[in-house]
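Structural overview
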Amino acid sequence: MSSVESAVRPPVVKNRKRTLKQRLNASGYKWAPYVFVSPFFVIFAVFGLFPLLFSLFLSFHYWEPAAGLGAMEWVGIENFTFTLTDDWFQTSVYNTIWIALAAGIPQHVVAIPLAYFLHTSFKRSRNTVVGMYFLPFITSSVAISLVFTTLFSRDFGMINMLFTSAGNWTVGDIQPLAWLFPTANIDWNRPEYTKTMIAFVVFWRYVGWNTVLYLSAMQTIPKDLYEAATVDGAKRWQQFWYITVPMLKPMMFFAVTLTIIGNLQLFEEPFIITGGTGGIEQAGKTAAMHMYITAFVEGDFGTASAVSWILFALIAFLTWGNNKLLGEKK
Amino acid sequence: MFNKKKLGTVALALGTTLALTATSAWAKTTLTVASFPSFDQAVNSAIPLYKKLHPEVEIKLVSLAYGDHHNAMTTALATGGNLPDVMGIEYGYIGRFAASGGLEDLRAAPYSAEQYEKLFSKFTVPLATGGSGTLAAIPADIGPGALFYREDILEKAGVTKEDLTKDWDSYIAAGKKIKEATGSYLVSSATDIKDIVIRSGLKDGQGIYFDADNTITVESDRFKEAFRLAKAVREAGIDAQVGAWSSEWTEGLRRGTIASQMMGAWLGGHLNGWIAPESKGLWRSSHLPAGAYASWGGSFYGIPKKAKNKEAAWEFIKFMTLNKEMQIAAFRDLDAFPALIEAQNDDFVNQPIEYLGGQVARVEWKEAADRIPAMDVHKHDPVAEQIVNDALEAVLERDADIDTVLADAAKQIKRRARR
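Notes on the structure in this doc start here. No experiment lies behind these values; they were computed from the predicted model shown. (Residues numbered from 1 in each chain as written. Chains lettered and ligands numbered in written order. Predicted model: local features only at pLDDT ≥ 70, side-chain atom pairs only at ≥ 80, totals over all residues. Heavy atoms only, no water.)

**Observations concerning the interface of chain A and chain B**
Opposite the 35 residues of chain A that make contact, chain B presents 32 residues. Here chain A and chain B share an interface that buries about 3,000 Å² over both sides, 45% of which is from carbon and sulfur atoms. Linking chain A with chain B are nine salt bridges. A salt bridge links Glu 281 of chain A to Arg 398 of chain B; its shortest N-O distance comes to 2.5 Å. (Contact = heavy atoms within 4.5 Å. Buried area = accessible area lost by both parts, 1.4 Å probe. Salt bridge = Lys/Arg side-chain N within 4 Å of Asp/Glu carboxyl O.)

**Some details on unusual backbone geometry**
The peptide bond linking Pro 37 of chain B to Ser 38 of chain B adopts the cis configuration, its omega dihedral lying at -5°. Tracing the sequence through the fold places Ser 38 of chain B in the loop between strand E1 (29-35) and helix H2 (39-53). Between Ala 109 of chain B and Pro 110 of chain B the backbone carries a cis peptide bond, its omega angle lying at 5°. Relative to the helices and strands, Pro 110 of chain B resides in the loop between helix H4 (91-100) and helix H5 (124-127). Even without glycine at this site, Glu 281 of chain A takes up a positive phi of about 55°. Topologically, Glu 281 of chain A is positioned in the loop between helix H13 (268-273) and helix H14 (287-297). The class for Glu 281 of chain A is partly exposed, based on a relative accessible area of 23%. Even without being glycine, Gln 241 of chain B reaches a positive phi, approximately 55°. (Helix = DSSP H or I, 4+ residues; strand = E, 2+ residues; numbered from the N terminus. Buried < 20%, exposed > 50% of the residue type's maximum accessible area, 1.4 Å probe, protein only.)

**Points about the side chain of Glu 248 of chain B**
Tracing the sequence through the fold places Glu 248 of chain B in helix H11 (residues 247-255). Despite being buried, Glu 248 of chain B has no salt bridge partner; Arg 154 of chain A is the closest side chain of opposite charge, sitting 5.7 Å away. Reaching out from Glu 248 of chain B, the side chain makes a polar contact with the side chain of Ser 153 of chain A at a distance of 2.6 Å. Contact partners of Glu 248 of chain B, with chain neighbours within four places excluded, come to Ser 153, Arg 154, Asp 155 and Phe 156 of chain A together with Val 242 and Ile 258 of chain B. (Lys, Arg positive; Asp, Glu negative; His and termini not counted. Polar contact = N/O pair within 3.5 Å; in protein donor to acceptor, adjacent residues only side chain to side chain.)

**Things to note about the pattern of salt bridges**
Taken as a whole and assessed by the stated rule, the structure comprises 34 salt bridges over all chains. Here Arg 190 of chain A ties to Glu 397 of chain B by a salt bridge, and the two come within 2.6 Å at their closest N and O atoms. Of the two residues, Arg 190 of chain A is situated in the loop between helix H8 (158-167) and helix H9 (191-218) and Glu 397 of chain B in helix H17 (residues 381-398); the pairing between them involves two chains. Judged by its relative accessible area of 11%, Arg 190 of chain A falls in the buried class. Owing to a relative accessible area of 28%, Glu 397 of chain B belongs among the partly exposed residues under this scheme. One salt bridge connects Asp 152 of chain B with Arg 150 of chain B, and the closest N-O pair in it is separated by 2.9 Å. Asp 152 of chain B gets classed as partly exposed once you look at its relative accessible area, which sits at 26%. Among the charged side chains, a network of salt bridges with common partners joins Arg 154, Asp 155, Asp 187 and Arg 190 of chain A together with Arg 234, Asp 239, Glu 393 and Glu 397 of chain B.

Okay, structure coming up:
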């Protein structure tokens, strides 16, 4: 204690006790809080704010990156007008929204009943079961995508094996399931299947995460509501529909917001599944992939930055819409 | 409390050690080499040899995966930070890096590399040449195109190597025979045929998609023929419709359901190493069909303008590329076909390759390397390639008219190659 005081040398007469407030106001301590909070701001400025502003700056330039920073060339809003009228960008946004809906809606439609089921039917083993559903979320998306491309492999994949063995199942001379299942291997890389395949992987990965969100919200719903409903003679599905679902609305808002943001930024799954190309005829190329390809394959960082800002505006707009739809009314 | 005297002694000792390490580090140059697998193996095996010649140079190899390495190099060139002294560059990026001006001009003093240019396969140097006649990198290895095929499958179907290579019509007819007799596909993908035909018949200085004066060439007969043949292959049902390096592709080659593959000569090493080691002795190599000559990949070394040890970097590059022994070592160990002509003429080329049933295949690869035209690389090639691939899919999948899709492709390329 004495060493600290002597180091700071407060201009106070010795041998007089100071209050805590006085001590904190001493000149030596004024900067201390700022030092303690600074790591966040320094890291944020370097890794958050600077790239943000730099990409905004970049989006108004043409830049041959390998030529160095001096090679930037001001082009005004040309990158934005080009991107907005670009059919590749439009296709990629269409793909993104298609996959976002095909993967996003089932996530919630499945997760809410599933969470209700877990909430009401499991007591002891609930955490284990929830953990199993949650596992895909914490698994590396690269690993997941690789496993699924193997499963979806045309000639050697499990999925085709199951489908065709069902389709070729023979009773006597007829194949009773041939109308429903294929009898020959399906090439899942064909453009008509690419988006479905990606959406399925994304759905599978995030359904557990949403289940956990909804389950935690359900656990905060007061039990007496259900008890009162039981006394009034409400059946289990009625309790679900008239109590659980309305009470989940704040969590739905949160979970749907996360799904919108996550699905519109979808990158890793389609990137690995299509081998980084976007698939045949770009059927599985998302907007985030378009941005990456524009920057790192075509070498046009300016246009890629413009794509990222347009994507940001789109996400902000859709989140705002979601807020209007599901957010709390004041 | 600390004893002040003791503290002083410690500080003095520490200072001396620091000063000593500093001086020893001063005497030693640390040369940073950035590379990617498996090109980095050449550097790895060169380090002990190089150290004997230049004990004062410490080599630090920084290796990243292919894509990561080139992204990191792009970023490093962009910002001027974290640049290596020697940069390994692959074929797919050399055009862009050479045009950027971020690399030293090796034709200028003190390098004066012009004197060495004739020592390499003639098609390599133009690849590394920037727009204003600057030389951005020195070639290390190349990938002359070859047709790898399963001799036993051909034999079973009664097809000869000549049937495959005479011309494209004969190639497709042979593929049908093989499919009928053995059930194996001749090609992995119809796109492969397109990729070769659009590269064949090019003269020195011409590009694939762009002419020397930047005109777009995708509406030329070269592309029409390529699309027509790819369509014929698809209609004949002789392509397995799988992309290279996919799991179906490697399994197909391993099991022999894909009977041939056209690729760089280094594919032999991959087949032997991991794709199909058990079919040893069954594979053979030949020239590409219809007298086509094309190159698949290749690697280069360049020096960034902002590198710290340019002099040492240049010494090292010369050692790696102009030294016959080093080039042959990489040839032997990595199947990296040397760009140095002197190494191509070494007796090593005449040795039989056990995996290919004792065939003396390297001689053929060398002949191919001699005939590959010096193609011009354009910075918009990746864009054009995507567009042409999409156009081909429209033809193969939806039976679109070839002339129409190519005209559309030309328009698309023109729009996208806007700068």
